[in-house]
Protein chains: 2
Amino acid sequence: MLIPAVIPFKPRNPKTRLSCILDQAERENFAEMMLADVISAAEGAGCRPLILSTEAYEFGDYRVLENPSGLNEALNDLLSNMPGPVLILMADLPLATSQAVKRMVTHSTDMAIVPGRGGGTNAIFLSSGRSYRVDYYGASFLKHMRIADERGLSCEVVDSFRLHTDVDEKEDLVELLIHGQGKSRAWLEDLGFRLLIEKGRVGVAREKKHEP
Amino acid sequence: MLIPAVIPFKPRNPKTRLSCILDQAERENFAEMMLADVISAAEGAGCRPLILSTEAYEFGDYRVLENPSGLNEALNDLLSNMPGPVLILMADLPLATSQAVKRMVTHSTDMAIVPGRGGGTNAIFLSSGRSYRVDYYGASFLKHMRIADERGLSCEVVDSFRLHTDVDEKEDLVELLIHGQGKSRAWLEDLGFRLLIEKGRVGVAREKKHEP
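Residues numbered from 1 in each chain as written. Chains lettered and ligands numbered in written order. Predicted model: local features only at pLDDT ≥ 70, side-chain atom pairs only at ≥ 80, totals over all residues. Heavy atoms only, no water.

Before going further, it helps to spend a moment on the pairing of strand E9 (residues 201-206) of chain B. Along any regular strand the residues' side chains alternate between the sheet's two faces. Residue and element names in this part refer to chain B. Across six bridges, the pairing between strand E8 (residues 193-198) and E9 is antiparallel. Residue pairing for E9: Glu 198 is matched across the bridge by Arg 201. Hairpin connection, E8 to E9: the antiparallel pair is bridged by two residues, and Lys 199 has positive phi, about 50 degrees. (Pairing = 2+ DSSP bridges. Helix = DSSP H or I, 4+ residues; strand = E, 2+ residues; numbered from the N terminus.)

Here you go:
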């Protein structure tokens, strides 16, 4: 049986920290491209994607569950009804590969986790969804480790930069332009984003739009 | 036979981007603590550390090679005399673990590489040192991939956030305080550094020094 991969997603006005370089319509597009990359990695690892959306939303033929509650409430509602294994993957991990996701879901521990940069949590695998409750925001990685400990769950920290790299800010686009292999990288390049190397530091720049 | 792990090191006035929170003597201390953590990870993975220093330097009983040339010149000099396998590890990877280093040195490809954040290169494993030449600075990861390609070397990108996370700036200390397991984390905590969680963002703060 395929393991469900729950992917929380916010279709409207996402990724506001990218507002300095992408307008709202572009950010909504970009978020969808990243979602497509995450879905592709999950499917390649033998998971069945389930999009958990903050509002009514359609994405191809994928199953979408709508829940306007906060991220924690929505996920914990869902987990409480999942006795079997489940993967929770953030939607802003465009470097995700099937191999990296496979390393998550093939663990024999009760739980596997990948931290995000800055103390967050990017991915959680649970051998039984209802054995756990999530607590995102702030230093959620430390909170999630503590919850595993309180519940007596064995937990492995999976050492992957591909799942560790979430895209929130302009500098994160450097990682995507260097290591991305999917749709979101191609989309960025189509929009004119390029690596910019100045004084030994690597950044990104957006080439001027050519007027027709 | 143990695989040599070459660790370039700058003993004097290192890590200047941390000047905002650490004075020069502290930065020199901190760089040594990180070096100790990297050495410990390399030894645990069955490597023999070889410190490549920009000036005369002693560190316990470890072998130190002094070479005041630039990083590329010093490393390429060394590589040209190494027909066998060799690992090059940066000294500012305090999250390195033996398991992560082992994933580098057990590859059957001609080369394995771990990118640093922002386009750099944090670790390179070569099955034959003299088959390669390094080219650090700027987007060195892309340069290193290109050199592998030009020389017809098979190359694997090792997916590790522990080796991907180099410590250059204040924000990087967050990663160390969350994921560090060695001497440099303990040293930072002794100095009064703590995680600081404000408005959902995680940072670091240094507690006031207590006057005696």
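Let's shift gears to the interface of chain B and chain A. Each partner contributes residues to the interface: chain B has 31 residues there, and chain A has 31 residues. Of all residues in chain B, Arg 117, Asp 159 and Phe 161 of chain B give up the largest surface area on contact with chain A, accounting jointly for 28% of the area buried on that side. Our count for the chain B to chain A interface comes out at four salt bridges. As a salt-bridge pair, Asp 159 of chain B and Arg 103 of chain A come within 3.6 Å of each other at their nearest N and O atoms. For the pair chain B and chain A, the number of links is 12 residue pairs in polar contact (both at pLDDT 80 or more). Secondary-structure elements contributing two or more residues to the side of chain B that touches chain A are helix H3 (98-105), helix H4 (140-150), helix H5 (161-164), helix H6 (172-179), E8 and E9 of chain B. (Contact = heavy atoms within 4.5 Å. Buried area = accessible area lost by both parts, 1.4 Å probe. Salt bridge = Lys/Arg side-chain N within 4 Å of Asp/Glu carboxyl O. Polar contact = N/O pair within 3.5 Å; in protein donor to acceptor, adjacent residues only side chain to side chain.)

Further remarks concern the relation of the copies chain B and chain A. With an RMSD of 0.0 Å, chain B superimposes on chain A once it is rotated by 180 degrees and translated 0.0 Å along the axis. Overall, the copies show the geometry of a two-fold rotation axis. A symmetric contact is evident, with 100% of the interface residues of chain B recurring at the interface of chain A. (Least-squares fit on C-alpha atoms with pLDDT ≥ 70 in both.)

Right, let's talk about the packing of helix H1 (residues 24-44) of chain A against helix H7 (residues 183-190) of chain A for a bit. All names here are of chain A. Packing of H1 against H7 brings their axes to within 7 Å, and their N-to-C directions diverge by 150 degrees. The angle between the axes of H1 and H7 places the two elements in the roughly antiparallel class. The segment H1 lies against H7, with Glu 26, Asn 29, Phe 30, Met 33, Met 34, Ala 36 and Asp 37 engaging Lys 183, Ser 184, Trp 187 and Leu 188. The residue makeup of the contact of H1 with H7, split by class, is six nonpolar, two polar and three charged. (Axes fitted to C-alpha atoms, helices over the stretch in contact; angles between N-to-C directions. Parallel < 35°, antiparallel > 145°, perpendicular 65-115°, else oblique. Nonpolar A, V, L, I, M, F, W, Y, C, P; charged D, E, K, R; others polar.)

This brings us to H4 of chain B. Restricting attention to buried positions, one finds in H4 of chain B the residues Ser 140, Phe 141, His 144, Ile 147 and Ala 148 of chain B. Angularly, the buried residues of H4 of chain B cover 125 degrees about the axis, an arc narrow enough to put them on a single face. Facing away from the buried side of H4 of chain B by more than 90 degrees, the exposed set consists of Asp 149 and Glu 150 of chain B. Residues of H4 of chain B that are buried sit in contact with helix H6 (172-179) of chain A together with strand E5 (111-115), strand E6 (121-126) and strand E7 (155-157) of chain B. Positioned one or two residues after H4 of chain B, Gly 152 of chain B has a phi angle of 70 degrees, which is positive. (Buried < 20%, exposed > 50% of the residue type's maximum accessible area, 1.4 Å probe, protein only. Arc of directions from axis to C-beta.)

Per-residue confidence for chain A gives a mean pLDDT of 95, with 98% of residues at or over 70. For this predicted complex, the interface confidence reaches an ipTM of 0.94, while the overall pTM sits at 0.95. (pLDDT = per-residue confidence, 0-100.)

Bringing the sheet that holds strand E2 (residues 47-53) of chain B into the picture now. Residue and element names in this part refer to chain B. One open sheet accounts for seven strands, arranged E3-E2-E1-E4-E6-E5-E7; its pairing is mixed. Pairing within the sheet leaves two strands with one partner each, and these edge strands are strand E3 (63-66) and E7. The sheet shows a mean angle of 20 degrees between the axes of neighbouring strands, taken without regard to direction. One ladder, built from three bridges, connects E5 with E7; its direction is parallel. When the sheet's bridge partners are listed, Ile 113 is paired in E7 with Val 157. Those strands touched by helix H1 (residues 24-44) are strand E1 (3-9), E2 and strand E4 (86-89), and its axis lies near 170 degrees from that of E1.

With that settled, consider the nonpolar core. The biggest cluster of nonpolar side chains holds 146 residues, and the ones touching the most others in it are Phe 30, Leu 89 and Met 104 of chain A together with Phe 30, Leu 89 and Met 104 of chain B. Ignoring any residue separated from it by four or fewer positions in sequence, one finds Leu 89 of chain B in contact with Val 6, Ile 7, Pro 8, Val 38, Ala 42, Val 101, Asn 122, Ala 123 and Leu 163 of chain B. (Core = buried A, V, L, I, M, F, W, Y, C linked by side-chain atoms within 4.5 Å.)

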